[in-house]
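Reading the structure
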Amino acid sequence: MKLISPLLGLMATLAITSYSSLAAMPKSEILLADVNTEYGLQVSRITDGDVYNNQPLLTKSGIYFTKEVQNNEQSQTELVFYNFADQQTTNLTNTAVSEYSPTLTPDGSALSAIVVEANGKQKLWQYPFDKNVAPRRIFEWVEPVGYHAWGINNDVVMFILGKPHTLQYTHVAAAKPEVVASDIGRTLTFNKQLGAYTFNYTKQQQQWLASFDAKQNQVTDLFRLPKSVQDYTFKGADTVIYAVDNRVYQRNLSEPEIVSLWLDLTPYCETKITRMSYLNNQLAFVCTK
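**Digging into the overall build of the protein**
- Within the protein one finds 0 helices and 25 strands.
- Relative to a compact globule of 289 residues, whose C-alpha radius of gyration would be 19 Å, the protein shows 18 Å and is just as compact.
- Dimensions of the protein along its principal axes, counting C-alpha atoms only, are 50 × 50 × 35 Å.
- For the protein, the proportion of its 289 residues judged to be buried stands at 51%.
- Considering only contacts in the protein between residues 6 or more positions apart, those separated by 24 or more positions represent 41%.
- Put simply, the protein shows about 13,800 Å² of open surface, and 47% of that area lies on carbon and sulfur atoms.

In structure tokens form, the structure reads like this:
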């Protein structure tokens, strides 16, 4: 892991579209901000910015993310892992199709991911950490899946591409998703304190952060987001963080009208921060070139 000076910095983006239709993916890099060191804020580069690197999932041992690979002038994506212990990046998939959106399954035994299959259909798969267990589809018929988030009862919400894009919910055993909301954005989370999923969506030309309580089958608007914001994450159980350009702001769910600047990452990202993942005073973030 190489610490970088405040003079270095680039940015990242992610379009809501099928990866199979991308002729050229936007170049981007993943950086890691440690916000509580004895020297103050420390930022290190996890990837270079010569290809598409996106969708970081920060864990105690490292960062899972989506990386572009190029073969014969064709691009696809694979799942990779950056290990904090040896500071090495390892490909987790090496197939002829694209995989993206790495997410830990509720029991922690596997990664789930979206796979753009050979026929172009986007479906939800799982990749067990036990190498003796083969990867498999989670749902045979549910598609096209763009993003997903797990609850705690083997249930899941999925971003289903369409006109409009919809948020759909199901249990694995049921495999029959129901539409929860429309015109949704690409960020999906499960918040244990709320006991609910969260997502962003457009209502009356305004971006909202909302929650979905599966037990009550109820959607609740939490607060309005800046129109430019598509990505957010949680810093702790009740504090939402999101970036506007290259500055990260925070809002508490109990007092959402109060917005404060949390991190100014301008010295490390000259343009726009998109995807973020937070854990234990560390923030993995994406910056496009």
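Right, picking up where we left off after that structure.
**Looking at the sheet that holds strand β23 (residues 255–264)**
- Strand order in the open sheet formed by 4 strands is β20-β21-β22-β23, with antiparallel pairing between adjacent strands. Two strands lie at the open edges of the sheet, namely β20 (233–234) and β23, each paired on one side alone.
- Sheet analysis places strand β22 (residues 247–252) next to β23, joined by 5 bridges and oriented antiparallel. Each bridged residue has a counterpart across the sheet, and for Asn252 the counterpart in β23 is Glu255.

**Let's talk about unusual backbone geometry**
- The step from Glu143 to Pro144 runs through a cis peptide bond, and the omega angle for that step is 0°.
- Among the secondary structure elements, Pro144 is positioned in the loop between β11 (136–137) and β12 (145–150).
- With an omega of 5°, the peptide bond running from Lys163 to Pro164 counts as cis.
- If you trace the backbone, Pro164 turns up in the loop between β13 (155–160) and β14 (166–171).
- Of note in the backbone geometry, Asn280 takes a positive phi value of approximately 50° without being a glycine.
- Topologically, Asn280 is positioned in the loop between β24 (273–279) and β25 (282–288).

**Examining the confidence of the model for the protein**
- Confidence along the protein averages 91 in pLDDT terms, with 92% of residues attaining 70 or more.
- Ignoring residues within four places in sequence, the model shows residues 5–23, a span with pLDDT below 50, making 73 contacts including any to other chains.

**What about the state of the cysteines?**
- If you walk through the whole model with that rule in mind, you get 1 disulfide.
- In this model, Cys269 is linked to Cys287 through a disulfide, with the two sulfur atoms separated by 1.9 Å. With the S-S bond torsion at 100°, the cross-link from Cys269 to Cys287 turns out right-handed. Separated by 18 residues along the polypeptide, Cys269 in the loop between β23 and β24 and Cys287 in strand β25 bring together distant segments of the chain. The two residues Cys269 and Cys287 agree in class, both being buried.

**Thoughts on the environment of Trp150**
- Position of Trp150 relative to the elements: it lies in strand β12.
- When its relative accessible area of 9% is taken as the criterion, Trp150 is described as buried.
- Measuring from C-alpha to C-alpha, the distance between Trp150 and Tyr197 comes to 8.5 Å, with 47 residues separating the pair along the chain.
- When residues no more than four places from it in sequence are discounted, the contact partners of Trp150 are Thr103, Leu104, Thr105, Pro106, Ser112, Leu124, Ile138, Asp155, Val156, Val172, Phe190 and Tyr197.
- One polar contact links Trp150 to Ser112, side chain to side chain, over a distance of 2.8 Å.

**Quick word on the sheet that holds strand β8 (residues 98–104)**
- Spatially, β8-β9-β10-β11 is the arrangement adopted by the 4 strands of the open sheet, whose pairing is antiparallel. With one partner strand each, in any of the chains shown, β8 and β11 form the two edges of the open sheet.
- Looking at chain direction, strand β9 (residues 110–116) and strand β10 (residues 122–128) are connected through 7 bridges and run antiparallel. Bridge pairing links Ile114 to Leu124 in β10.

**Examining the packing of aromatic side chains**
- Here the structure, examined in full by the defined rule, presents 12 aromatic pairs.
- Measuring from ring centre to ring centre gives 6.5 Å for Trp125 and Tyr127, while their planes differ by 25°; the resulting arrangement is stacked. Like Trp125, the residue Tyr127 is buried in the burial classification.
- Three or more aromatic residues joined by ring pairs form one cluster here, namely Tyr169, Phe190, Tyr197 and Phe212.
- It is Lys203 that lies over the ring of Trp208; its NZ or CZ is 4.9 Å from the centre.

What counts as what
Residues numbered from 1 in each chain as written. Predicted model: local features only at pLDDT ≥ 70, side-chain atom pairs only at ≥ 80, totals over all residues. Heavy atoms only, no water. Helix = DSSP H or I, 4+ residues; strand = E, 2+ residues; numbered from the N terminus. Rg over C-alpha atoms; globule rule 2.2 N^0.38 Å. Buried < 20%, exposed > 50% of the residue type's maximum accessible area, 1.4 Å probe, protein only. Contact = heavy atoms within 4.5 Å. Areas by Shrake-Rupley, 256 points an atom, 1.4 Å probe, with all protein chains shown as cover. Pairing = 2+ DSSP bridges. pLDDT = per-residue confidence, 0-100. Disulfide = S-S within 2.5 Å. Polar contact = N/O pair within 3.5 Å; in protein donor to acceptor, adjacent residues only side chain to side chain. Phe/Tyr/Trp six-rings, centres within 6.5 Å; stacked < 30°, edge-to-face > 60°. Lys NZ or Arg CZ within 6 Å of the ring centre and 35° of its normal.

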